[in-house]
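Per-entry structural report
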Amino acid sequence: MASIGTLIGPVVSLRNYKARIVANLLGVNLALTPDFEMGKDNKTPEFLAKFPLGKVPVFEGANDFSLTDSSAIAYYVAMKSSNSAELLGRTDEERAEIMQFSFFAEADYSPAQAGAIYPALGYMQFVKPAVQAAEEQLMRFIGVLNTVLLDRTFLVGERVTMADIIVTCGLTMAFTHYLTAADRKQFRNVTRYFKTMIAQPAFKSVIGEFKFCENRTAPAAPAKKEKKKVEQPKKVEKKVEKKVEVEEEEEEKPAPKPKSLLDSLPPTSMPLDSWKRFYSNNETKPDAMNWLWENFDADGYSFWKVDYKYNDELA
């Protein structure tokens, strides 16, 4: 069978997996680019002329036909088979439900997963409040999926569909970098579902042997910037000619500012900068709070509770 076109992009990629799994299931011949170098081949003028976004994977078919979205490519590959209904649905209800789970994976789950995991992988800047919010969303969405899969082997019907392919490929990152053994036990339905999917021959031949997360990937500590020594220009002594002293009225010097009572306090054993750095780069509970109680200087600081007059109106 002749190839329907070329899937361009790194072979090892959760987005690349989708179309390849579809091709395996339906027997569609799809050419690949095993030597593709991310960050190089997708930045060439020739590539950007065809695909201005510079994202991968992309698809090139006959008659200059091309696609850029991984799920759109997977759908197109399925449509090129006479058995496409096996993956895309046999009834209107099945097709709608498949689209429902596909959109959930792309629009809801994937952004939350990226926000929670990308900073630890160095793909995004680590901003603690944003990462915590993304982690809450991620766990919420996995919890929703866990409830859906309580009495289901597959997401739609009794066989693998496009919904299973897109959702499973999306879950690979979380099971690789985030969901520990304790998490997998908590979300046992999602874990059982994921293991069932990646054991399917069409999935396993693409994804390979899967290694589950043991410890969550932690964000790397920011590198310390070395201060460059700036050479000070040599001072040139200027010869000043002696002038005849002339009596002038001296301006009154301003009175010295009174010293603050805080200046008389002894130095504290808990620098605020150390507390700020630790709090910004670690979990609030228990890490940051444990650090605070272990290093708290009761002689230098105190805690105050403030009750606002209109506390119920605060956002």
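Residues numbered from 1 in each chain as written. Predicted model: local features only at pLDDT ≥ 70, side-chain atom pairs only at ≥ 80, totals over all residues. Heavy atoms only, no water.

Focus: the pattern of salt bridges
The tally for this structure, following the rule as stated, stands at eight salt bridges. For arginine 15, the salt bridge is made with glutamate 106, and the minimal N-O distance between the two is 4.0 Å. Placement of the pair is arginine 15 in helix α1 (residues 14-26) and glutamate 106 in helix α5 (residues 92-121), with a sequence separation of 91 residues. Overall, arginine 15 belongs to the partly exposed group, its relative accessible area being 33%. Given a relative accessible area of 25%, glutamate 106 falls into the partly exposed group. For the salt bridge of arginine 216 with aspartate 183, the shortest nitrogen-to-oxygen distance reads 3.0 Å. Remark: aspartate 183 occurs in helix α8 (residues 181-186) and arginine 216 occurs in the loop between α10 (201-207) and α11 (272-280); sequence separation between them is 33 residues. Taking the relative accessible area as the measure of exposure, arginine 216 reaches 36% and is therefore partly exposed. Each of Arg15, Lys18 and Glu106 takes part in a single network of salt bridges with overlapping partners. (Salt bridge = Lys/Arg side-chain N within 4 Å of Asp/Glu carboxyl O. Helix = DSSP H or I, 4+ residues; strand = E, 2+ residues; numbered from the N terminus. Buried < 20%, exposed > 50% of the residue type's maximum accessible area, 1.4 Å probe, protein only.)

Some details on unusual backbone geometry
Cis peptide bonds are those with omega within 30 degrees of zero, and the linkage from valine 56 to proline 57 qualifies with 5°. Mapped onto the elements of the fold, proline 57 is located in the loop between α2 (45-50) and β2 (58-61). With an omega of 0°, the peptide bond between lysine 285 and proline 286 qualifies as cis. Among the structural elements, proline 286 can be located in helix α12 (residues 284-295). A positive phi angle, close to 55°, is found at asparagine 63, a residue other than glycine. Locating asparagine 63 in the fold gives a position in the loop between β2 and β3 (66-67).

Focus on the packing of aromatic side chains
Summed over the entire model, instances satisfying the criterion amount to 15 aromatic pairs. An angle of 65° between the planes, with centres 6.5 Å apart, marks the rings of phenylalanine 59 and phenylalanine 65 as edge-to-face. Classification of phenylalanine 59 as buried rests on a relative accessible area of 0%. Above the ring of tyrosine 279, the side-chain terminus of lysine 128 is found at 4.1 Å from the ring centroid. Cation over ring: arginine 216 sits above tyrosine 178, and NZ or CZ is 3.9 Å from the ring centre. (Phe/Tyr/Trp six-rings, centres within 6.5 Å; stacked < 30°, edge-to-face > 60°. Lys NZ or Arg CZ within 6 Å of the ring centre and 35° of its normal.)

Here's the deal with the nonpolar core
One finds Val22, Val77, Leu155, Met162 and Leu171 to be the most contacted residues of the largest nonpolar core, which totals 60 residues. In terms of residue count, the dominant contributor to this core is helix α7 (residues 162-177) (10 residues). Setting aside residues no more than four positions away along its own chain, valine 77 makes contact with Ile4, Ala19, Val22, Ala23, Val28 and Leu30. Grouped together as the second largest cluster of nonpolar side chains are six residues, Ile8, Phe47, Phe51 and Val58 included. (Core = buried A, V, L, I, M, F, W, Y, C linked by side-chain atoms within 4.5 Å. Contact = heavy atoms within 4.5 Å.)

As for the pairing of β2
By the bridge criterion, four bridges tie strand β1 (residues 5-8) to β2 in an arrangement that is antiparallel. Paired with leucine 7 across the strands is phenylalanine 59, a residue of β2. Of the strand pairs in this sheet, β2 and β3 are connected by two bridges, and their pairing is antiparallel. From the neighbouring strand, glutamate 60 faces β3, where its bridge partner is serine 66. (Pairing = 2+ DSSP bridges.)

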